[in-house]
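Given next are the chains, with one letter for each unit.
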Amino acid sequence: MIKLDPLLTPPASVTVDCTAVPGIGITATDNCDPDVTLRLKVKPNTRLLSDAYTLTRPWKAVDNCGNEATASQNHHRSGCELTRY
């Protein structure tokens, strides 16, 4: 069997209200592992004194053969309350 990288399919990037929490909706398939491991690390981007920002969900899929694939989804958020310092 040829050991291919997992196929990682994230949902499309979306624009949501600041308080909304979009579902995960990512899928991973692989030819040598029926249960691909998914890893997520959320990292918000800088707001730059605005009522909007982007939250990036970077994903990594790892199969039991050691192959990896990466993908990400962006959540563009608006209507956020500004924090004053």
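Everything here concerns the structure above.
Given the structure is predicted, the values throughout are model-derived calculations rather than measurements.

Participant: Is there a simple way to explain the overall build of the chain in this structure?
Facilitator: In terms of helices and strands, the chain carries zero helices and seven strands. Starting at the N terminus and walking to the C terminus, you meet the elements of the chain as β-β-β-β-β-β-β. In the chain, which comprises 85 residues, the proportion classed as buried is 31%. Nonlocal contacts in the chain, meaning residues at least 24 apart in sequence, comprise 53% of its contacts between residues at least 6 apart. Accessible area of the chain: about 5800 Å², with a carbon and sulfur share of 54%.

Participant: Explain the pairing of strand 6 (residues 53-62) to me, please; I cannot follow it from the model alone.
Facilitator: Successive side chains on a regular strand alternate, one facing one side of the sheet and the next facing the other. By the criterion of burial, strand 6 is predominantly enclosed, with eight of the 10 residues buried. Note that strand 4 (residues 37-40) and strand 6 share four bridges and pair antiparallel. If you follow Arg39 over to strand 6, its bridge partner there is Lys60. Judged from the 10 bridges that link them, strand 6 and strand 7 (residues 68-78) form a sheet pairing that is antiparallel. Counterpart to Lys60 in the pairing with strand 7 is Thr70. The loop that links strand 6 with its antiparallel partner strand 7 comprises five residues; one of these, Gly66, has a positive phi angle of about 90 degrees.

Participant: How should the side chain of Asp63 be read in this particular structure?
Facilitator: Along the chain, Asp63 turns up in the loop between strand 6 and strand 7. Of note is the side chain of Asp63, whose polar atom sits 3.0 Å from the backbone nitrogen of Cys65. Looking at Asp63, its side chain comes within polar contact range of the main-chain nitrogen of Asn67, at 2.8 Å. Sequence-distant contacts of Asp63, that is, excluding residues within four places in its chain, are made with Leu4, Pro6, Asp30, Cys32, Asp33 and Val36.

Participant: What am I meant to see in the nonpolar core here?
Facilitator: Ranked by size, the top nonpolar core spans seven residues in total: Leu8, Ile26, Val36, Trp59, Ala61, Ala69 and Ala71. Going through the elements one at a time, strand 6 and strand 7 are the ones with two or more residues in this core. Beyond its immediate chain neighbours, meaning those up to four positions away, Val36 contacts Pro6, Ala28, Thr29, Asp30, Ala61, Val62 and Asp63.

Participant: Teacher, can you tell me more about the state of the cysteines here?
Facilitator: Evaluation of the coordinates by the stated rule reveals one disulfide. There is a disulfide in this structure between Cys32 and Cys65, and the S-S distance comes to 2.3 Å. Residue Cys32 is found in the loop between strand 3 (27-29) and strand 4, and its partner Cys65 is found in the loop between strand 6 and strand 7; the two are separated by 33 residues along the sequence. The class for Cys32 is buried, based on a relative accessible area of 17%.

Thresholds, definitions, all that
Starting from 1, residues in each chain are numbered consecutively following that chain's sequence as written. The predicted origin of the model limits local features to residues at a pLDDT of at least 70 and limits the giving and counting of side-chain atom pairs to 80 or more, whereas totals for whole chains, interfaces and linings rest on all residues. Side-chain descriptors were evaluated using all non-hydrogen atoms of the structure, hydrogens and water having been removed beforehand. Only DSSP runs of H or I covering at least 4 residues are called helices, and only runs of E covering at least 2 are called strands; the numbering of each starts at the N terminus. Throughout, exposure labels follow a simple rule: accessible area from a 1.4 Å probe, protein chains only, divided by the maximum for the residue type, with under 20% read as buried, over 50% as exposed, and the rest as partly exposed. Contacts are assigned to residue pairs with any non-hydrogen atoms lying within 4.5 Å of each other. We get accessible surface area from the Shrake-Rupley algorithm with a probe of 1.4 Å; when it comes to residues, only the shown protein chains can shield them. Strand pairing is assigned whenever DSSP identifies at least 2 bridges connecting the two strands. Distance and chemistry together define a polar contact, namely a pair of N or O atoms within 3.5 Å, with one atom able to donate a hydrogen and the other to accept it when in protein, and with adjacent residues in sequence counting only for side-chain atoms on both sides. Definition of nonpolar core: a set of buried residues of the types Ala, Val, Leu, Ile, Met, Phe, Trp, Tyr and Cys, connected through side-chain atoms within 4.5 Å. In this description, a disulfide is simply a cysteine sulfur pair whose atoms lie within 2.5 Å.

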